[in-house]
Amino acid sequence: MPEADRKETSAANKPKSAPQKAMEKLGLLRDIDLALHLPMRYEDETRITPIAEARSHEGEAVQCEGEVLECRIETRGRRVLLVKISDESGAELLLRFIHFYPSHQKTMAVGARIRVRGELRHGFFGREMVHPTFKAVVEGAALATALTPVYPASNGLPQAYLRRAIASGLSRADLGELLPAGVVPPTLPALRDALNFLHHPPPQARLSTLEDHSHPAWQRLKFEELLAQQISQMQAQRERALLKAPALMAKRGGLHEQLLAVLPFGLTGAQQRVSEEIAQELALPQPMHRLLQGDVGSGKTVVAALAAAVAIDAGWQCALMAPTEILAEQHFKKLVGWLEPLGLKVAWLTGSVKGKARQKMLDAAADGSAQLVIGTHAVIEDKVKFARLGLAIIDEQHRFGVAQRLALRKKLAAMDLEPHLLMMSATPIPRTLAMTYFADLAVSTIDELPPGRTPIVTKVFADSKRFNVIEKIRDEVVNKAAQVYWVCPLIEESETLDLNNATETHAELSAALDGYVVGLLHGRMTPADKAAVMAEFTAGRISVLVATTVIEVGVDVPNASLMVIEHAERFGLSQLHQLRGRVGRGAVASVCVLLYTGPLSDTGKSRLKAMAETNDGFEIARRDLDIRGPGEFMGARQSGAELLRFADLQEDSVLLQAARRLAPQLLDKHPQAARRQVERWLGAKAEFLKA
Ligand code: ADP
Ligand code: MG
């Protein structure tokens, strides 16, 4: 039976216990998942140390066994359970429990024989352990023969339960050798042996090689995983090579050149280069699958517009999807301004376009008369049909999921073709990560900002300086006609609180800035109201815009030169960088003030420090990756879960090379084994690689 099907039969219709639910949350569904849930460390319960000889080196736990001499509750001050035991060595050991239940006293009643394990200290009364683990034993009871694994767990999932589940999962899992003889590096053990070893290492195993994952058993796992990843990437590549897309050839003197001629600025070198990279790939009859990354403000929109011009000129339609209405509307206005004078018809499709207007847009997309369709998620709804979709552009692509990308690609399926796909993001993905998460994704990078920008100066202040900050705003607004964003934090638990907070700040600033207009923008407003406020701000009639993070992505108001982010410690690093990118868009020197409310956590500190130290989005992305690790960095929505759990593309490059050599051989000569390898290791996650 395929591994993927097995869970269905075992978990059929029984109500789930709390530990079962917790296991599900950890993704421990199939036997193979359990077998691959590896210990983070081990405890040595294979030995009993005579109390007289027991010491703890550097906090290491020791295990002793003895008879209870005394068990009493001390009530002076805090209630403490004190248990004294001794063993044949004649020495005594005092156990202290600050948290305890009647069951403690029952198990450790005077005369009982118990086995305890914990860190040994030398206290005032001699040897003692605080909160050791303990269990009743009969004298001479067998000791563990292997090290005891300690697994990554979660609340509501006791180690003992997890250990049992994993041990039985491990014994049932199909770990048969899938790879043909002679292809696995000879230094590596068989998969089953490797897993048995890692779950239950013998007492003499070298813990250091287990902990730093250099042990051959670990190497085998990493190799297997890398192989699965390489196979699935290669397979996705091969599948994609079979797909067909319309070849969109740029015409000399065509629409994109006309667009260049009417733009109020010339392209930067980087914009020119990426535009050419994109145009070259659009001209091929295979669908492009390209990420355009460039720091906030680097000018990705115009590159998208040029690509759209090429597609439209070749007689095809283009769709542009953005994550929020505000952003979609800004694109719409900008692109209409650029393209309608050239005779193009641009349609507008979001959730708030309703009734007749909506039908008109749907018709225009379906009959092909709208050459460019701009909108939000509404663009990928089933009802939306395109006559000839040649190019799909996704702005701020990290805000969309795999399913949405796939849906957009399917919009041309009727013709047996796929549209070209251009994804844009200001959150650069380090190369190794891109390789892990996307199958052969092409990347174009804008590594240059348009000229004339003054770098943003970022300052970090404790919230106690709020008054001074408001004074500074006043000064800028009154004397320099500056425009200011004031960003209020998102409080996840409660939208109402968000709103209260933003409303209060709005009142506070309105009072401080008598005679100037302070605007308010928050998530509960209707799209039309939001758009109206944004329009006022863009027109310069609003001086200070108090906003919840609805302004997070993409908005472009070049005159805004000061941004205050309140409770900056609650934002992620990339999010802060995106927000900050809303200023520094014009020629005026811009300032970003990060207000925090202490005490700061270590990650909070390093985030704010990074923000103050650099404006470079790529550097920010690197640090973000360091602080958060790859899984979170990519966003759960996007990655499902980390695709590589054990291996690291950089650290394990030798294994990666071996896997890379082997993958095409397996695909060609042992396609069944290749398929099962991917299923065993990636399961449902393999789908992610295709999108
Ligand atoms: P992002 O990459 O963050 O999406 P935008 O496309 O919104 O950036 O561009 C930011 C601002 O820079 C816009 O106002 C845009 O019109 C302007 N811009 C883009 N390219 C250039 C250029 N080559 N020279 C001058 N200004 C430019
Ligand atoms: Mg943008």
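All values derive from a computational prediction rather than experimental measurement.

### Remarks on the overall build of the chain
(1) Moving on: Tallying secondary structure elements over the chain gives 26 helices and 22 strands in all.
(2) Moving on: Projected onto its principal axes, the C-alpha coordinates of the chain cover approximately 95 × 70 × 45 Å.
(3) Moving on: Expressed as a percentage of the 691 residues in the chain, the buried residues total 50%.
(4) Moving on: Contacts in the chain between residues far apart in sequence, at least 24 positions, make up 76% of those at least 6 positions apart.
(5) Moving on: Here the chain has roughly 31,700 Å² of accessible surface; of this, 53% comes from carbon and sulfur atoms.
(6) Moving on: The centroid of the 84 positive side-chain charges in the chain is displaced by 2 Å from the centroid of its 81 negative side-chain charges.

### Details of the side chain of Ser298
(1) Moving on: Looking at the element boundaries, Ser298 is found in the loop between β10 (289-294) and α11 (300-313).
(2) Moving on: From its side chain, Ser298 meets the backbone oxygen of Asp295 in a polar contact 2.8 Å long.
(3) Moving on: Leaving out residues up to four positions away in the same chain, Ser298 has contacts with Gln271, Ile446, Glu448, Leu449 and Pro450.

### Looking at the site of ligand 1
(1) Moving on: Around ligand 1 sit 17 residues, and of these Gly297, Lys300, Thr301, Arg453 and Asp556 come closest.
(2) Moving on: At a separation of 2.8 Å, a nitrogen atom of ligand 1 approaches a polar side-chain atom of Gln271.
(3) Moving on: Here Thr301 contributes a side-chain N or O atom positioned 2.6 Å from an oxygen atom of ligand 1.
(4) Moving on: By residue class, the composition of the shell around ligand 1 is 4 nonpolar, 7 polar and 6 charged.

### Digging into the side chain of Arg117
(1) Moving on: Residue placement: Arg117 occurs in strand β5 (residues 113-119).
(2) Moving on: One polar contact links Arg117 to Glu43, side chain to side chain, over a distance of 3.5 Å.
(3) Moving on: If near-sequence neighbours (up to four positions away) are discounted, Arg117 is found in contact with Glu43, Asp44, Glu45, Ala61, Val62, Gln63, Met129, Pro132 and Thr133.

### Notes on helix α25 (residues 671-682)
(1) Moving on: Its 12 residues give α25 an end-to-end C-alpha distance of 16 Å, which sits within 8% of 16 Å, the value for a rise of 1.5 Å per residue.
(2) Moving on: Turning to α25, its buried residues are Ala673, Ala674, Gln677, Val678, Arg680, Trp681 and Leu682. Taken down its axis, α25 places every buried residue within 165° of arc, on the same side.
(3) Moving on: Positioned one or two residues after α25, Gly683 has a phi angle of 50°, which is positive.

### Observations regarding the pairing of β5
(1) Moving on: Taken across its 7 residues, β5 has 6 buried, putting it largely inside the fold.
(2) Moving on: Pairing between strand β2 (residues 61-74) and β5: 7 bridges, direction antiparallel. Within β5, the residue paired with Glu67 across the bridge is Arg113.

### What about the sheet that holds strand β16 (residues 442-446)?
(1) Moving on: The strand order β12-β13-β11-β14-β15-β10-β16 describes an open sheet built from 7 strands, whose pairing is parallel. Of all strands in the sheet, those bounded by a partner on one side alone are β12 (346-349) and β16. Averaged over all pairs of adjacent strands, the angle between strand axes in this sheet comes to 20°, irrespective of strand direction.
(2) Moving on: The pairing of β10 with strand β15 (residues 420-425) spans 5 bridges and is parallel. Across the sheet, the residue bridging to Leu292 is Met424, located in β15.
(3) Moving on: Lying on the sheet, helix α10 (residues 269-282) is in contact with β10, β14 (389-394), β15 and β16; it crosses β16 at an angle near 160°.

### A short note on the domain arrangement of the chain
(1) Moving on: Under the domain assignment, the chain is made up of domain 1 (3-41 + 155-212), domain 2 (47-143), domain 3 (217-453 + 648-691) and domain 4 (456-614).
(2) Moving on: When each unit is reduced to the centre of its C-alpha atoms, the spacing between domain 1 and domain 3 is 37 Å.
(3) Moving on: Each side of the interface is counted separately: domain 1 has 26 residues, and domain 3 has 19 residues.
(4) Moving on: Counting the surface lost from both domain 1 and domain 3, the interface buries some 2,000 Å², and carbon and sulfur atoms represent 68% of this.
(5) Moving on: The largest per-residue losses of area from domain 1 upon contact with domain 3 belong to Leu178, Leu179 and Leu191, which jointly make up 29% of the total buried on that side.
(6) Moving on: Where domain 1 packs against domain 3, one counts 3 salt bridges.
(7) Moving on: Put simply, Glu177 and Arg220 hold a salt bridge, and the shortest N to O gap is 2.9 Å.
(8) Moving on: Applying the counting rule to domain 1 against domain 3 returns 8 residue pairs in polar contact (both at pLDDT 80 or more).
(9) Moving on: In terms of residues, the side of domain 1 that touches domain 3 owes the most to one element, helix α6 (residues 191-199), which gives 5 residues.
(10) Moving on: Looking at the side of domain 1 that touches domain 3 residue by residue, the class counts come to 20 nonpolar, 2 polar and 4 charged.

### Some words on the packing of aromatic side chains
(1) Moving on: Tallied over the full model, the rule gives 5 aromatic pairs.
(2) Moving on: Relative to Trp681, the ring of Phe646 lies with its centre 6.2 Å away and its plane at 90°, an arrangement referred to as edge-to-face. Residue Phe646 is located in the loop between α23 (636-639) and α24 (653-669), and its partner Trp681 is located in helix α25; the two are separated by 35 residues in the primary sequence.
(3) Moving on: Classification of Phe646 as buried rests on a relative accessible area of 12%.
(4) Moving on: Under the relative-accessibility criterion, Trp681 is labelled buried at 5%.

### Brief notes about the pattern of salt bridges
(1) Moving on: Applying the stated criterion to the full structure yields 41 salt bridges.
(2) Moving on: Between Glu74 and Arg72 there is a salt bridge whose closest N-O contact spans 3.9 Å.
(3) Moving on: Lys84 is the salt-bridge partner of Glu92, the closest N and O atoms lying 3.9 Å from each other.
(4) Moving on: Here Glu92 falls in the partly exposed class, since its relative accessible area comes to 40%.
(5) Moving on: Look at Lys84 and you get partly exposed, because its relative accessible area is 25%.
(6) Moving on: Each member of the salt-bridge network shares a partner with another, and the members are Glu70, Arg72, Glu74, Arg76, Lys84 and Glu92.

### Quick notes on the sheet that holds strand β8 (residues 133-136)
Sheet strands line up and pair through hydrogen bonds in the backbone, either parallel or antiparallel.
(1) Moving on: With mixed pairing, the 7 strands of this open sheet are ordered in space as β6-β7-β4-β3-β2-β5-β8. Lying at the two open borders of the sheet, with one neighbouring strand each, are β6 (121-123) and β8. Pairs of neighbouring strands in the sheet enclose a mean axial angle of 40°, with direction left out of account.

### As for helix α2 (residues 18-25)
Each full turn of the α-helix corresponds to 3.6 residues, which orients residues three or four apart in the same direction.
(1) Moving on: Along α2, the residues classified as buried are Pro19, Ala22 and Met23. The arc that holds every buried residue of α2, seen down its axis, measures 100°, which confines them to one face. In α2, the exposed positions that point more than 90 degrees away from the buried face belong to Ala18, Lys21 and Lys25.
(2) Moving on: Trailing α2 by a residue or two, Gly27 shows a phi angle of about 80°, which is positive.

### Quick look at the confidence of the model for the chain
(1) Moving on: Residues with a pLDDT of 70 or more make up 90% of the chain, whose mean pLDDT is 85.
(2) Moving on: Least confident of the elements in the chain is α23, whose mean pLDDT is 36; most confident is α10, at 97.
(3) Moving on: Overall, residues 1-11 carries pLDDT values under 50, and its contacts beyond four positions in sequence, including any with other chains, amount to 13 contacts.
(4) Moving on: Counted against residues more than four places away or in other chains, residues 631-642, with its pLDDT under 50, gives 35 contacts.

### Brief notes about the packing of α10 against α11
(1) Moving on: At a minimum axis distance of 10 Å, the contact between α10 and α11 shows a crossing angle of 30°. Taken together, the axes of α10 and α11 lie roughly parallel to each other. In the packing of α10 onto α11, the handedness of the crossing is right-handed. Packed against α10, whose contacting residues are Gln271, Val274, Ser275, Ile278 and Leu282, the element α11 presents Val302, Val303, Leu306, Ala307 and Val310 at the interface.
(2) Moving on: Its residues assigned to classes, the contact of α10 with α11 comprises 8 nonpolar, 2 polar and no charged.

What counts and how
- What you see as residue numbers is a count from 1 along each chain, following the sequence as written.
- Each chain gets a letter, beginning with A, and each ligand a number, beginning with 1, in the order they are written.
- pLDDT decides what is reported in this predicted model: residues at 70 or higher carry local features, side-chain atom pairs at 80 or more are listed and counted, and totals for whole chains, interfaces and linings draw on all residues regardless.
- For side-chain calculations, the full set of non-hydrogen atoms in the structure is used, while hydrogens and water are omitted.
- Strands here mean DSSP runs of E at least two residues long; helices mean DSSP runs of H or I at least four residues long; both are numbered from the N terminus.
- To sort residues, take the accessible area from a 1.4 Å probe on protein chains only and compare it with the maximum for the residue type: under 20% means buried, over 50% means exposed, and anything in between is partly exposed.
- Here a residue-residue contact requires only that any non-hydrogen atoms of the pair lie within 4.5 Å.
- The Shrake-Rupley method, run with a 1.4 Å probe, gives the accessible areas here. Residue values count only the displayed protein chains as cover.
- Neither His nor the chain termini are counted; the positive set is Lys and Arg, and the negative set is Asp and Glu.
- By convention, the charge on Lys lies at NZ, on Arg at CZ, on Asp at CG and on Glu at CD.
- Two N or O atoms form a polar contact when they lie within 3.5 Å of each other; inside protein one atom must be a possible hydrogen donor and the other a possible acceptor, and for residues adjacent in sequence the pair counts only when both atoms belong to side chains.
- Distances are taken per atom, and a residue is near a molecule or strand as soon as one of its heavy atoms is within 4 Å of it.
- Residue classes follow a fixed rule: Ala, Val, Leu, Ile, Met, Phe, Trp, Tyr, Cys and Pro count as nonpolar, while Asp, Glu, Lys and Arg count as charged, and any other residue, Gly among them, counts as polar.
- Each residue after the first adds 1.5 Å to the expected span of a helix.
- To obtain the arc, one takes the directions from the helix axis to the C-beta atoms.
- Note on pairing: DSSP must find at least two bridges between two strands before they are called paired.
- To get an axis, fit a line to the C-alpha atoms, keeping to the stretch in contact for a helix; angles then go from 0 to 180 degrees between the N-to-C directions.
- Start and end positions for the domains come from either an automated domain assignment or a database one.
- Two parts placed together each lose some accessible area under a 1.4 Å probe, and adding up what both lose gives the buried area.
- Salt bridge, as used here: a side-chain nitrogen of Lys or Arg that lies within 4 Å of a carboxyl oxygen of Asp or Glu.
- Geometry of aromatic contacts follows a simple scheme: Phe, Tyr and Trp rings, the Trp one being its six-membered ring, pair when their centres are within 6.5 Å, and the pair is stacked under 30 degrees between planes, edge-to-face over 60, tilted otherwise.
- Every residue carries a pLDDT, the predictor's confidence in it, which falls somewhere between 0 and 100.
- If an angle is under 35 degrees, it is roughly parallel; if it is over 145, roughly antiparallel; if it lies from 65 to 115, roughly perpendicular; otherwise it is oblique.
- By definition, any crossing whose near helix is turned counterclockwise from its far helix by less than a right angle is left-handed, and any crossing with a clockwise turn is right-handed.

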